[in-house]
Amino acid sequence: VQLVESGGGLVQTGGSLRLSCAVSGGIFSISTMGWYRQTPGKQRDLVARITSDGSTNYADFVDGRFTISRDNTKNTAHLQMTRLKPEDTALYYCNVEVPVMRLNLWGQGTQVTVSS
């Protein structure tokens, strides 16, 4: 199983970015996908998760600005981020979890930087 993230970058305050996480290995449709973020010296925090049946949950700080989605035909999860703020600047990690397989993997991270 491999995770490949893409879509990070530099954006101005109020701008948008779309992160993608492509998963190989044939387990995508049964997995829970998550996006987490981390800044230096701080713990990695959940941003959003989507289960295999499409149920979603978001961190409070998202406040309606981000949308997590999944495309089971392309084995890819997305995080659409809008109305970005400087405090959203972080390294964003994709996570795939399949509890029945005791599988929990992380991507390499993609940097999101929001300038003020």
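Residues numbered from 1 in each chain as written. Predicted model: local features only at pLDDT ≥ 70, side-chain atom pairs only at ≥ 80, totals over all residues. Heavy atoms only, no water.

The secondary structure content of the protein amounts to 0 helices and 11 strands. For the protein, the succession of helices and strands along the chain, N to C, is β-β-β-β-β-β-β-β-β-β-β. For 116 residues, the compact-globule formula gives about 13 Å, and the C-alpha radius of gyration of the protein, at 13 Å, lands near that figure. For the protein, the spread of C-alpha atoms along the three principal axes comes to 40 × 25 × 25 Å. The 116 residues of the protein split such that 41% are buried. A separation of at least 24 residues holds for 52% of the contacts in the protein among residues at least 6 apart in sequence. In the protein, the 11 positive side-chain charges and the 9 negative ones have mean positions that sit 2 Å from each other. (Helix = DSSP H or I, 4+ residues; strand = E, 2+ residues; numbered from the N terminus. Rg over C-alpha atoms; globule rule 2.2 N^0.38 Å. Buried < 20%, exposed > 50% of the residue type's maximum accessible area, 1.4 Å probe, protein only. Contact = heavy atoms within 4.5 Å. Lys, Arg positive; Asp, Glu negative; His and termini not counted. Charge placed at Lys NZ, Arg CZ, Asp CG, Glu CD.)

What follows concerns the nonpolar core. The biggest cluster of nonpolar side chains holds 29 residues, and the ones touching the most others in it are M33, W35, V47, F66, L79, M81 and Y92. In terms of residues, this core owes the most to one element, strand β9 (residues 90-98), which gives 5 residues. Those residues within four positions of F66 in sequence are excluded, and the remaining contacts are R37, V47, Y58, L79, Q80, M81, T82, L84, D88 and Y92. (Core = buried A, V, L, I, M, F, W, Y, C linked by side-chain atoms within 4.5 Å.)

Moving on to the pattern of salt bridges. Across all of its chains, the model carries 3 salt bridges by this definition. For D88, the salt bridge goes to R37, with nearest N and O atoms at 2.9 Å. Separated by 51 residues along the polypeptide, D88 in the loop between β8 (76-81) and β9 and R37 in strand β4 (residues 32-38) bring together distant segments of the chain. Here E97 and R49 are joined by a salt bridge, their closest N and O atoms 3.3 Å apart. (Salt bridge = Lys/Arg side-chain N within 4 Å of Asp/Glu carboxyl O.)

On the surface, I30, V100 and M101 cluster together to form a nonpolar patch covering roughly 320 Å² of accessible area. Following the sequence through the fold, M101 ends up in the loop between β9 and β10 (103-106). According to the relative accessible area criterion, M101 is partly exposed, its value standing at 44%. (Patch = residues over 30% accessible without salt bridge, like charges linked within 9 Å, V, L, I, M, F, W, Y side chains within 5 Å. Areas by Shrake-Rupley, 256 points an atom, 1.4 Å probe, with all protein chains shown as cover.)

Chemically, a disulfide is nothing more than a covalent bond linking the sulfur atoms of two cysteines. A complete count under the given rule lists 1 disulfide for this structure. Here C21 connects covalently by a disulfide to C94, the sulfurs 2.0 Å from one another. One disulfide, between C21 and C94, carries an S-S torsion of -85° and so falls in the left-handed class. Here C94 lies in strand β9 and C21 lies in strand β3 (residues 17-24), a separation of 73 residues in the sequence. In this pair, the class of C21 matches that of C94, namely buried. (Disulfide = S-S within 2.5 Å.)

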